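Listed here are the chains, written in short residue letters.
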Amino acid sequence: MAASRFQPKDGRFLAVVLILIVLMLIYLIGVHWWFVAPQMQFRAGMRDLREQQMRFRQITAEKPAIEKRLAEVKAYEQGNQAFLSETDANAASAALIQRIKQAMSDHAKDEKRCQTVSIGSFNGGEEELYKRVTVQARLRCDLEPLAAVLYDLENGKPYLFIDQVMIYRQQSYTPPGAKVAPVPLDVRFNVSGYLRQPGKVK
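Here the residue numbers are simple positions, counted from 1 along each chain's written sequence. Only residues with pLDDT of at least 70 get local features here, since the model is predicted, and only at 80 or more are side-chain atom pairs given and counted; chain-wide, interface and lining totals rely on the full set of residues. Excluded from the side-chain calculations are hydrogens and water; all other atoms, namely the structure's heavy atoms, are used.

K.L.:
Looking at this structure, I do not really get the overall build of the chain. What am I missing?
P.N.:
When helices and strands are tallied, the chain shows 3 helices and 4 strands. Counting the 202 residues in the chain, one finds 20% classified as buried. Accessible surface for the chain amounts to roughly 15,800 Å². Of this, 59% is attributable to carbon and sulfur atoms. Helical segments are the DSSP runs of H or I of at least four residues, strand segments are the runs of E of at least two, and each set is numbered from the N terminus. Residue exposure (1.4 Å probe, protein chains only): buried if accessible area is under 20% of the type maximum, exposed if over 50%, otherwise partly exposed. Residue exposure ignores everything except the shown protein chains as possible cover, and the areas themselves are Shrake-Rupley values with a 1.4 Å probe.

Here's what the structure looks like:
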């Protein structure tokens, strides 16, 4: 009869392995799951809270400097003459119209050579970071006073912007041999300024 391959030392080794497995299961189910894992989660939570507390302390320490900077920015904005001083679009449009009329009065002395045809507010255009107010103007004007009017508008304060400029030369019939008088240009353009109010940004 052949000898059994199973030896007593193999039985002891197997018993030790089984005991280790049982102890591991007891640890995982009875100790780790109920005691160790919650403690690890608690430590992780405490570590996160300490990091948040440190960040809050840093922010709190920087608060006086941030408030000082905000006050400086606010004071600068209040004194910044780049923006229109009016608080709403209608009042700003009226102020722009008045400024165009004042520029015409200063530089267009001869109404036959430079006069206002129409001035009106314009609603439209793309929304921008700050609220834009636009006025459309149409003039009949010679080139020299026209250049002075546009220069005056663009180089004063608050800052104004001129765009959509269209210039047409009017054609008129002149009999042969007659003296040709210069004909004023037909000029159309937009004058825009910005309020301190924020616009709608997409």
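From this point, the narrative continues.
K.L.:
Sorry, what's going on with the sheet that holds strand E3 (residues 161-169) here?
P.N.:
Hydrogen bonds along the backbone pair up the strands of a sheet, which may run parallel or antiparallel. Spatially, 4 strands are ordered E1-E2-E4-E3 in an open sheet, and the strand pairing comes out antiparallel. Since the sheet does not close on itself, it has two edges, and those belong to strand E1 (114-122) and E3, each with one partner. Strand-to-strand, the axes of this sheet are offset by a mean angle of 15°, without reference to chain direction. Strands qualify as paired when DSSP identifies two bridges or more between them. Taken together, the 11 bridges between strand E2 (residues 130-141) and strand E4 (residues 185-198) define a ladder with antiparallel strand orientation. Within E4, the position partnered with Val-133 by the bridge is Gly-193. Helix H2 (residues 89-107) rests against E1, E2 and E4 of the sheet, and its axis sits at about 30° to E2. Comment: axis = line fitted to C-alpha atoms, over the contacting stretch for helices; angle = value between 0 and 180 degrees taken between N-to-C directions. The criterion used for residue contact is that any of the two residues' heavy atoms lie within 4.5 Å.

K.L.:
Quick question: what am I supposed to make of the pattern of salt bridges here?
P.N.:
Oppositely charged side chains can form a pair if their charged atoms are brought close together. Definition used for salt bridges: Asp or Glu carboxyl oxygen within 4 Å of a side-chain nitrogen of Lys or Arg. The full count for this structure, using the stated rule, is 5 salt bridges. Between Asp-186 and Arg-138 there is a salt bridge, with its nearest N and O atoms 2.9 Å apart. Taken together, the residues span a long stretch of sequence, with Asp-186 in strand E4 and Arg-138 in strand E2 at a distance of 48 residues. Here Arg-188 makes a salt bridge to Asp-186, at a shortest N to O gap of 3.5 Å. Arg-188 sits in the partly exposed class, given a relative accessible area of 31%.

K.L.:
What exactly am I supposed to notice about the environment of Ser-105 here?
P.N.:
On the secondary structure map, Ser-105 appears in helix H2. Taking relative accessible area as the criterion, Ser-105 reaches 44% and is therefore assigned partly exposed. Sequence separation of Ser-105 and Gln-115 is 10 residues, and the distance between their C-alpha atoms is 9.4 Å.

K.L.:
Got a minute to help me understand the layout of surface pockets in this structure?
P.N.:
Empty space among the atoms becomes apparent when a probe as large as a water molecule is rolled across them. Only protein atoms enter the 1 Å grid, on which a cavity is a set of points fitting a 1.4 Å probe that cannot get out and a pocket is an open set with protein on both sides within 12 Å along at least 5 of 7 lines, lining residues being those with an atom within 4 Å of a point. Grid points are joined across faces, edges and corners, and a volume is the space filled by probe spheres set on the points. Each pocket or cavity is described by its volume, and for the second largest pocket that value is around 170 Å³. Secondary structure elements with two or more residues in the lining of the second largest pocket: E1, E2, E3 and E4.

That is the geometry; function is a separate question.
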